[in-house]
Amino acid sequence: MNGITVPMAIVDFIPVLMFFFAACLLLKDLYNKMTKGAYALLATGSIMVLIGGFYKALWKILYALNICDYPLLSESFFPIQGTGFLLVFLALVGMFTPHNKKNVTLNSAAVVPVLDSSMPFVILQIIGCAGMQFTLFGISLKMKKKNAAVCYIVAFIFMLAMGYLSAKFDDTPGMHWVAQLTNTISQGSLLLGTWILHKAGLAEKNLW
């Protein structure tokens, strides 16, 4: 690992913070639109995504400062975050469960197994992100906020690019910075789109 520097490690916290703020907005705006089960999935998935991103950023800063190399922090990134994104997607799908049906809830238990390969979780992350962005894209169109819809398209494209980079990663400083920039654009677009919907009154909007 010779491509990580302290500035690079610090920058890695930026997309984590961006997702944190986007998740807070969604949790606030969608609270009255979900069954308890769906909202629990949204909260759980969001927390898992945050933990996965924070672990990866923490590992980088500890390594860059020559404090320690704790690879489990990095290796847990895709299992935790991939599962988290999938739960967020399931929560958004569950949001459209009719509220007037009694005893309807969406429940799920997430188990993160330990595998030798992170590829299954990369696939989960792509599926979860695609579903999340597609759902938010649909909400944007329903609210007639095409600028937000464009943001979610950009977020998804750059998330796909992150998946591609993870398969081609060569551990050089240049590749690290490309990955950092790609992830920052993706999470920044997610935050911007969510902020646009928030300012447009998503919390009060009837989506059905």
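Up top is the structure these notes are about.
Residues numbered from 1 in each chain as written. Predicted model: local features only at pLDDT ≥ 70, side-chain atom pairs only at ≥ 80, totals over all residues. Heavy atoms only, no water.

### Topic: the overall build of the chain
Right, so step 1: Secondary structure assignment for the chain yields eight helices and zero strands.
Right, so step 2: Reading the helices (α) and strands (β) of the chain from amino to carboxyl end gives α-α-α-α-α-α-α-α.
Right, so step 3: Put simply, the chain has 208 residues, and 46% of those count as buried.
Right, so step 4: Carbon and sulfur atoms form 68% of the exposed surface of the chain, whose accessible area is close to 10600 Å². (Helix = DSSP H or I, 4+ residues; strand = E, 2+ residues; numbered from the N terminus. Buried < 20%, exposed > 50% of the residue type's maximum accessible area, 1.4 Å probe, protein only. Areas by Shrake-Rupley, 256 points an atom, 1.4 Å probe, with all protein chains shown as cover.)

### Remarks on the environment of Ala155
Right, so step 1: As for its position among the elements, Ala155 is in helix 7 (residues 146-168).
Right, so step 2: Taking the relative accessible area as the measure of exposure, Ala155 reaches 0% and is therefore buried.
Right, so step 3: C-alpha separation for the pair Ala155 and Ile185, spaced 30 residues apart in sequence, amounts to 7.0 Å.
Right, so step 4: Those residues in contact with Ala155 that sit more than four places away from it in its chain are Gln133, Ser186, Ser189 and Leu190. (Contact = heavy atoms within 4.5 Å.)

### Notes on helix 8 (residues 173-199)
Right, so step 1: Between the first and last C-alpha of helix 8 there are 38 Å, a value that for 27 residues agrees with the 39 Å anticipated at 1.5 Å per step.
Right, so step 2: Directly beyond the C-terminal end of helix 8, a positive phi value near 90° is found at Gly201. (Expected span 1.5 Å × (residues − 1).)

### Focus on helix 3 (residues 36-64)
Right, so step 1: Here helix 3 is 29 residues long and its end C-alpha atoms lie 42 Å apart, about the 42 Å a rise of 1.5 Å per residue gives.
Right, so step 2: Looking one or two residues past helix 3, Asn66 carries a phi angle of roughly 60°, positive in sign.

### Focus: the pattern of salt bridges
Right, so step 1: One pass over the full model with this rule turns up one salt bridge.
Right, so step 2: The salt bridge involving Lys60 is made with Asp12; its shortest N-O contact spans 3.6 Å. Of the two residues, Lys60 sits in helix 3 while Asp12 sits in the loop between helix 1 (6-11) and helix 2 (13-29), which places them 48 residues apart along the sequence.
Right, so step 3: Residue class for Asp12 comes out buried when judged on its relative accessible area of 6%. (Salt bridge = Lys/Arg side-chain N within 4 Å of Asp/Glu carboxyl O.)

### Remarks on the packing of helix 2 against helix 3
Right, so step 1: The geometry of helix 2 relative to helix 3 is characterised by a closest axis approach of 9 Å and an angle of 170° between their N-to-C directions. For the element pair helix 2 / helix 3, the angle class is roughly antiparallel. Seen from helix 2, the contacting residues are Phe13, Val16, Phe19, Phe20, Ala23, Leu26 and Leu27; seen from helix 3, they are Tyr39, Leu42, Ala43, Ser46, Val49, Leu50, Gly53, Phe54, Ala57, Leu58 and Ile61.
Right, so step 2: The residue inventory of the contact of helix 2 with helix 3, partitioned by class, reads 16 nonpolar, two polar and no charged. (Axes fitted to C-alpha atoms, helices over the stretch in contact; angles between N-to-C directions. Parallel < 35°, antiparallel > 145°, perpendicular 65-115°, else oblique. Nonpolar A, V, L, I, M, F, W, Y, C, P; charged D, E, K, R; others polar.)

### Remarks on unusual backbone geometry
Right, so step 1: Even without being a glycine, Asn66 presents a positive backbone phi close to 60°.
Right, so step 2: Even without being glycine, Lys144 reaches a positive phi, approximately 60°.
Right, so step 3: Taking the relative accessible area as the measure of exposure, Lys144 reaches 73% and is therefore exposed.

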